[in-house]
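What follows is each chain in one-letter form.
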There are 6 protein chains.
Amino acid sequence: MTDTTLVLTAHPGDFVWRAAGAIALAVSRGQRAVIGCMSFGERGESASLWRKGYNLEQVKATRREEAAHAAKVLGAEIRFFDANDYPLVETPELLQGLIDLYREVQPTVVLTHAPADPYNGDHPFAHHIALKARVLAQAPGVEGPGEVIGAPPVFCFEPHQPEQCGFVPDVLLDITDVWDRKREAMQILAAQKHLHTYYTDLGARRGLQAARNSGPNLGLPNDTKAEAFMRMYPQVTRELS
Amino acid sequence: MTDTTLVLTAHPGDFVWRAAGAIALAVSRGQRAVIGCMSFGERGESASLWRKGYNLEQVKATRREEAAHAAKVLGAEIRFFDANDYPLVETPELLQGLIDLYREVQPTVVLTHAPADPYNGDHPFAHHIALKARVLAQAPGVEGPGEVIGAPPVFCFEPHQPEQCGFVPDVLLDITDVWDRKREAMQILAAQKHLHTYYTDLGARRGLQAARNSGPNLGLPNDTKAEAFMRMYPQVTRELS
Amino acid sequence: MTDTTLVLTAHPGDFVWRAAGAIALAVSRGQRAVIGCMSFGERGESASLWRKGYNLEQVKATRREEAAHAAKVLGAEIRFFDANDYPLVETPELLQGLIDLYREVQPTVVLTHAPADPYNGDHPFAHHIALKARVLAQAPGVEGPGEVIGAPPVFCFEPHQPEQCGFVPDVLLDITDVWDRKREAMQILAAQKHLHTYYTDLGARRGLQAARNSGPNLGLPNDTKAEAFMRMYPQVTRELS
Amino acid sequence: MTDTTLVLTAHPGDFVWRAAGAIALAVSRGQRAVIGCMSFGERGESASLWRKGYNLEQVKATRREEAAHAAKVLGAEIRFFDANDYPLVETPELLQGLIDLYREVQPTVVLTHAPADPYNGDHPFAHHIALKARVLAQAPGVEGPGEVIGAPPVFCFEPHQPEQCGFVPDVLLDITDVWDRKREAMQILAAQKHLHTYYTDLGARRGLQAARNSGPNLGLPNDTKAEAFMRMYPQVTRELS
Amino acid sequence: MTDTTLVLTAHPGDFVWRAAGAIALAVSRGQRAVIGCMSFGERGESASLWRKGYNLEQVKATRREEAAHAAKVLGAEIRFFDANDYPLVETPELLQGLIDLYREVQPTVVLTHAPADPYNGDHPFAHHIALKARVLAQAPGVEGPGEVIGAPPVFCFEPHQPEQCGFVPDVLLDITDVWDRKREAMQILAAQKHLHTYYTDLGARRGLQAARNSGPNLGLPNDTKAEAFMRMYPQVTRELS
Amino acid sequence: MTDTTLVLTAHPGDFVWRAAGAIALAVSRGQRAVIGCMSFGERGESASLWRKGYNLEQVKATRREEAAHAAKVLGAEIRFFDANDYPLVETPELLQGLIDLYREVQPTVVLTHAPADPYNGDHPFAHHIALKARVLAQAPGVEGPGEVIGAPPVFCFEPHQPEQCGFVPDVLLDITDVWDRKREAMQILAAQKHLHTYYTDLGARRGLQAARNSGPNLGLPNDTKAEAFMRMYPQVTRELS
């Protein structure tokens with residue numbers, strides 16, 4: 001059976017800026033990656049389109065297309081929940097949809113938002129409903145298609161202003177080998193062009209930090225590219241490294 | 001070149017109760033393990049010997065013998081600093097001795113105490129001097145034998161009353177395969193017999209927790225034995241799991 | 001007037017595993033104990049029954065019977081809210097039901113879940129609604145039967161993986177005298193047999209910790225049995241001890 | 001055997017402003033109270049005397065007299081370590097003196113400073129050496145007069161700017177019955193007159209807070225006087241209240 | 001364009017006890033102050049009126065009158081949302097009403113409750129919805145009158161039992177010049193007379209703390225009156241002071 | 001009297017990378033800036049010089065010259081304590097030297113390191129001794145030249161890996177107007193060339209963050225340059241902004 005990375009995000013931009021490296025890396029190993037995108041970021045993440053005079057349907061269609069394109073570049077599948085952003089609100093449909101997705105794809109790794117973000121309430125919302133659905137998908141008493149899931153580890157990706165969000169990097173993932181994929185995916189997000197430089201710099205900064213924290217065995221060079229993640233559950237392993 | 005685990009402890013008991021599994025596991029993989037023991041635990045950890053009427057030299061000799069025996073059972077080398085416990089105090093000799101040991105063994109993994117312990121001041125002391133020496137051993141300007149070291153990851157082992165010490169398990173290490181080694185090493189510590197049951201139960205409890213947190217890939221059974229550790233630096237990796 | 005301990009739990013198992021000692025101890029002093037059980041744990045805590053092929057009504061009836069039996073063994077009254085678990089959701093009925101229960105029993109002590117639990121969302125839900133109802137029951141402007149309540153202290157009982165839940169034991173309660181009651185109550189929970197050993201060990205471990213932290217006056221022996229609790233409000237007392 | 005409260009402070013003022021109520025309350029119950037005062041507060045707490053032109057010996061003598069007088073009013077014994085304040089520094093003599101005092105008085109309760117205070121470095125120093133000496137006094141292998149001590153609970157008293165010191169009141173002690181003793185002791189501290197009103201108000205404020213947090217059983221009135229404390233170790237008890 | 005302070009509170013009393021000084025100070029500089037009051041505090045803050053036998057409408061009318069009077073004394077405008085307190089609950093109307101208010105008044109400073117308060121659930125509710133509405137009001141895609149807003153700094157005012165609410169004063173605001181206004185506003189709140197002395201003392205205590213933390217430049221005297229606030233976002237400035 | 005910024009650093013590089021903007025900004029306002037440099041960074045910060053074969057005196061002389069040059073570019077005075085780095089150790093001379101410097105320059109603002117840094121023990125050492133000396137310099141009973149000092153605010157500058165050091169930006173200082181000075185000062189530090197790009201990027205990133213957090217009044221543009229600081233004491237102010 002194939003390993004599967006499940007990425008649950010509030011808006012389309014999130015999986016690109018914050019986790020495109022992790023996604024492309026998993027795909028490059030022959031694994032499956034599935035993105036569950038709760039909204040199109042139509043209200044909160046599309047200011048440049050509104051300023052152009054687009055209406056709601058046009059904004060959503062544009063963002064959907066971008067997101068599908070970016071997912072394709074990364075080699076991932078994508079599902080849209082169209083649950084309305086700014087604010088995202090819990091509905092029985094969204095919760096059940098997420099449970100069903102967990103049951104269907106049986107993820108071995110889960111990526112989602114960090115638990116706090118005072119700049120964007122949709123991000124902690126997505127975190128909490130993603131974790132809630134994961135626990136519910138584990139219980140035989142909860143309805144849904146397929147088998148109950150196990151306990152896949154959960155990694156939170158880096159918010160835009162990490163220190164204000166209580167984000168501390170627990171894991172630095174070397175994404176040097178797939179950096180070109182991430183750059184290509186970022187360039188698709190025309191609505192948020194001002195972030196290209198920002199996230200290119202961030203990849204280099206987290207990479208340098210990875211180099212400085214990599215032990216003698218891994219020994220990463222200073223021009224490494226990396227993404228940072230925070231773990232929600234203890235790491236379980238057979239070797240300390 | 002061989003991977004080397006360096007274990008720096010305040011007293012002899014510590015490496016057995018808290019890290020014997022990690023040591024035996026590394027050795028079972030053909031790696032080298034070196035224990036640096038700052039004292040013999042002669043004042044703080046040998047109440048039963050004092051109550052028998054032993055004098056200081058007898059206490060130290062007894063604890064030294066036990067420690068050497070336990071290290072041998074685990075397949076590890078051991079060095080004694082004889083720096084006097086209860087309280088351990090920083091001296092230039094101890095600090096330089098630790099720097100020299102880092103330079104000599106070039107560790108790929110470091111294990112030591114957690115940063116706080118309101119029940120035993122020697123434990124946080126050992127933590128802080130172990131980390132201080134590690135940073136100093138990295139600098140070309142600091143004297144010492146051999147080459148400067150890299151940046152080996154540091155894992156803190158579990159204190160006796162973890163919640164009072166701010167200890168949160170970041171890593172659960174599956175030590176099932178070497179559990180017999182740990183049990184044998186524990187039985188050598190005659191001065192602290194009351195702890196055998198305690199740490200046997202702890203191995204099972206952390207093992208059950210490892211099972212419950214192990215994702216679909218690892219899928220550990222409920223009778224796993226484990227040790228818990230806290231990371232001092234972010235994990236650097238090429239794969240999320 | 002009799003002292004009354006009010007125990008508010010998400011599921012039936014919770015009051016047994018986490019607070020049976022505290023309940024039996026209060027009863028053994030001639031006090032009243034009332035358990036408010038928000039659900040039957042039918043979806044989240046009854047995997048073994050679902051695996052046997054029971055339907056929802058059968059699962060609920062079985063868990064209700066077990067819970068009533070366990071309460072009886074402990075000498076406590078029990079009320080069921082049947083509010084559906086996994087997930088428990090706030091409804092006006094549940095909230096008002098809890099306010100009414102506070103007003104009716106006029107508790108002198110309140111026990112409930114801790115505020116966080118990443119393994120079971122019903123637990124923090126129960127914590128928050130239990131505390132919300134307590135504050136509302138204090139206000140003359142809020143409707144409900146009987147008199148407004150005072151400010152009973154609140155104790156949170158220990159979650160299954162305490163370190164992951166931010167649980168730090170503030171209070172260690174010596175339950176040695178009623179340990180037999182707790183053991184008997186645990187044995188009733190046939191659906192969760194795997195937890196008997198776990199919570200027996202936990203009682204001994206918290207007991208040993210109680211012994212090590214008990215001052216010269218209390219002087220508890222090492223074979224004490226104890227339960228751990230976290231306070232939500234400062235202790236008010238006439239004597240430091 | 002009599003219960004004994006041991007109070008370890010950096011300067012003479014501390015035991016009056018922060019713990020006079022707790023001391024007088026213990027004494028009023030027929031218990032023994034012993035104050036160990038590490039310095040005379042000659043440099044850090046005697047600005048008004050220096051401004052009068054006193055020399056070092058005069059300052060120390062004046063503060064000693066005040067402190068002895070205040071202790072007498074409270075019914076407590078007092079020992080002076082004369083270890084020089086601003087800054088207090090660890091010496092083998094001070095540490096051994098504290099160990100000896102623990103062994104001699106065999107305290108059932110210990111009061112000292114809180115672990116942090118960015119306005120006065122002597123306070124955290126006194127906290128740390130007081131706790132260090134307590135642990136050392138417990139070990140048979142550490143020399144000193146009399147028997148090893150047990151594990152008396154430790155309460156930290158309230159610093160002057162509590163929020164900046166991470167001080168959160170765990171315990172509110174009703175000192176209404178001995179408030180007159182505390183007021184009388186405060187009036188003796190002529191060198192710090194500006195603090196009389198401050199600590200009178202604080203007694204009332206903590207008293208009101210005690211009233212608001214006292215459950216139906218204790219039911220304290222709004223004009224209660226109280227002192228706040230922070231626990232360093234879990235409370236061990238036979239009854240939740 | 002005029003600077004505008006927007007104050008969003010759960011109940012009428014809150015803006016008086018906790019922020020009257022900040023409001024009067026802004027007004028004294030010729031700025032505009034607008035208070036958005038989510039409820040009349042009819043259930044949670046009006047115990048003395050209920051005890052007099054008032055019905056709901058009478059309680060609300062009385063509190064409304066008091067609040068309008070107090071706002072007038074401070075020179076502020078006031079809007080009532082009448083959203084029902086104890087408990088305040090999120091409704092689309094309340095959320096949209098707050099977004100509209102942000103868009104209309106274009107605040108340069110926002111004041112609201114702190115994020116936690118275990119004694120009054122309406123306070124954290126008001127905090128969270130006030131911050132949620134602020135973020136939504138910034139997005140071009142969210143409907144509402146007028147222009148999107150910028151990023152006004154947010155200051156949380158002091159809760160009644162600050163240490164239990166995780167409140168740490170980040171900012172001490174010198175309100176000496178408008179203290180008479182605050183005192184006058186407090187005297188209007190007849191339903192909560194017991195709080196007059198409490199908040200008068202608090203003003204003096206925070207003032208003394210301001211004096212002790214004011215650098216050589218500001219050099220505040222000891223009889224300063226102050227209010228404490230906690231920042232939600234980093235301060236942005238052109239000068240360190 | 002002139003305002004004076006006092007900058008206390010462990011090594012020469014620190015005041016350039018972390019605070020050159022704040023220094024140049026103060027000087028640009030006609031204020032005085034004095035740098036107290038505890039060591040030459042000869043062991044910990046000069047790896048490239050050791051690798052060239054320099055001896056200790058040569059390393060120190062080179063770093064001293066660089067530091068003096070950089071200070072001059074920024075318009076600041078500089079004092080060297082030559083207290084030996086890696087590790088910096090508290091001596092009576094260093095402590096008294098710092099007290100004397102505080103008394104002499106009577107700072108209105110103090111800049112120093114943050115309290116924690118697991119990558120460089122000299123940084124927290126410098127933090128703690130800088131704050132200790134500040135408190136001692138305030139006391140009339142402590143000897144030293146000149147008058148006692150007041151209570152200047154303390155700002156901690158940003159460490160290299162901020163999240164690992166518990167660093168959260170409380171203050172973002174707009175240094176756009178003096179960015180050229182900072183760039184010029186950075187270029188002088190030949191021994192640490194690899195950091196030029198890093199700190200140039202950091203200035204832009206903190207600047208963008210300043211822009212996003214600046215309210216409508218300040219309204220900073222996206223190409224702002226900024227430095228981040230953490231406050232050690234509450235801000236005291238006469239206006240919220």
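First things first, this report covers the structure right here in the doc. (Residues numbered from 1 in each chain as written. Chains lettered and ligands numbered in written order. Predicted model: local features only at pLDDT ≥ 70, side-chain atom pairs only at ≥ 80, totals over all residues. Heavy atoms only, no water.)

A few words on the sheet that holds strand E5 (residues 154–157) of chain B. Sheet architecture is open: eight strands sit in the order E8(A)-E6(B)-E7(B)-E5(B)-E4(B)-E1(B)-E2(B)-E3(B), paired in mixed fashion. Strands at the two margins of the open sheet, each flanked by one partner only, are strand E8 (235–237) of chain A together with strand E3 (77–80) of chain B. Strand after strand, the sheet turns through a mean of 25 degrees between neighbouring axes, direction not considered. With four bridges joining them, strand E2 (residues 32–37) of chain B and E3 of chain B adopt parallel strand pairing. The residue bridging Cys 37 of chain B from the neighbouring strand is Phe 80 of chain B, located in E3 of chain B. Strands strand E1 (4–9), E2, E3, strand E4 (109–112), E5, strand E6 (171–174) and strand E7 (226–231) of chain B of the sheet are contacted by helix H1 (residues 12–28) of chain B, whose axis makes an angle of about 100 degrees with E7 of chain B. Against the sheet, helix H3 (residues 56–74) of chain B engages E2 and E3 of chain B, with an angle of about 155 degrees to E3 of chain B. (Pairing = 2+ DSSP bridges. Helix = DSSP H or I, 4+ residues; strand = E, 2+ residues; numbered from the N terminus. Axes fitted to C-alpha atoms, helices over the stretch in contact; angles between N-to-C directions. Contact = heavy atoms within 4.5 Å.)

The next point concerns the relation of the copies chain A and chain B. Here two copies of a chain appear, and what relates them is a rotation about an axis with a shift along it. Overlaying chain A on chain B yields an RMSD of 0.0 Å, the required transformation being a rotation through 180 degrees with an accompanying axial translation of 0.0 Å. Here the two chains are linked by the operation of a two-fold rotation axis. Closest to the rotation axis within chain A is the C-alpha of Asp 170 of chain A, separated from it by 4.6 Å. Both copies contact each other with a shared surface, as 100% of the interface residues of chain A are interface residues in chain B too. (Least-squares fit on C-alpha atoms with pLDDT ≥ 70 in both.)

The next subject is the interface of chain E and chain C. Often, the extent of an interface is quoted as the loss of accessible area on bringing the components together. Listed by partner, the interface residues are ten residues for chain E and eleven residues for chain C. When the two sides are added together, the surface that chain E and chain C hide from each other amounts to roughly 950 Å², 67% of it contributed by carbon and sulfur. Between chain E and chain C we count zero salt bridges in total. The tally of links between chain E and chain C comes to two residue pairs in polar contact (both at pLDDT 80 or more). (Buried area = accessible area lost by both parts, 1.4 Å probe. Salt bridge = Lys/Arg side-chain N within 4 Å of Asp/Glu carboxyl O. Polar contact = N/O pair within 3.5 Å; in protein donor to acceptor, adjacent residues only side chain to side chain.)

Turning to the side chain of Gln 31 of chain A, a few remarks are in order. Of note, Gln 31 of chain A is situated in the loop between helix H1 (12–28) and strand E2 (32–37). Judged by its relative accessible area of 18%, Gln 31 of chain A falls in the buried class. There is a polar contact of 3.3 Å between the side chain of Gln 31 of chain A and the side chain of Glu 239 of chain B. When neighbours within four sequence positions are excluded, Gln 31 of chain A is seen to be in contact with Thr 2, Asp 3, Thr 5 and Ala 26 of chain A together with Glu 239 of chain B. (Buried < 20%, exposed > 50% of the residue type's maximum accessible area, 1.4 Å probe, protein only.)

Turning our attention to the sheet that holds strand E3 (residues 77–80) of chain D. Sheet architecture is open: eight strands sit in the order E8(C)-E6(D)-E7(D)-E5(D)-E4(D)-E1(D)-E2(D)-E3(D), paired in mixed fashion. On the outer flanks of this sheet lie strand E8 (235–237) of chain C together with E3 of chain D, each paired with one strand and no other. Taken pair by pair, the neighbouring strands of this sheet meet at an average axis angle of 25 degrees, ignoring direction. The pairing of E8 of chain C with strand E6 (residues 171–174) of chain D spans three bridges and is classified as parallel.

So, about the pairing of strand E2 (residues 32–37) of chain E. Residues and elements named next belong to chain E. By the criterion of burial, E2 is predominantly enclosed, with five of the six residues buried. Judged from the six bridges that link them, strand E1 (residues 4–9) and E2 form a sheet pairing that is parallel. Residue pairing in the sheet places Leu 8 in a bridge with Gly 36 of E2. Note that the unit made of E1, helix H1 (residues 12–28) and E2 has a crossover that is right-handed. (Right-handed = clockwise from strand over helix to strand, strands pointing away.)

Facing the 39 residues of chain A at the interface are 39 residues of chain B. Between chain A and chain B the total buried area reaches about 3500 Å² when both faces are included, carbon and sulfur atoms providing 56% of it. Contact with chain B buries area across many residues of chain A, yet Val 236, Arg 238 and Leu 240 of chain A alone supply 22% of it, more than any other trio. Residue Asp 174 of chain A is joined to Arg 238 of chain B by a salt bridge in which the shortest nitrogen-to-oxygen separation is 3.0 Å. Counting every contact that joins chain A to chain B gives 20 residue pairs in polar contact (both at pLDDT 80 or more). Considering each element in turn, the side of chain A that touches chain B owes the most residues, four residues, to strand E6 (residues 171–174) of chain A.

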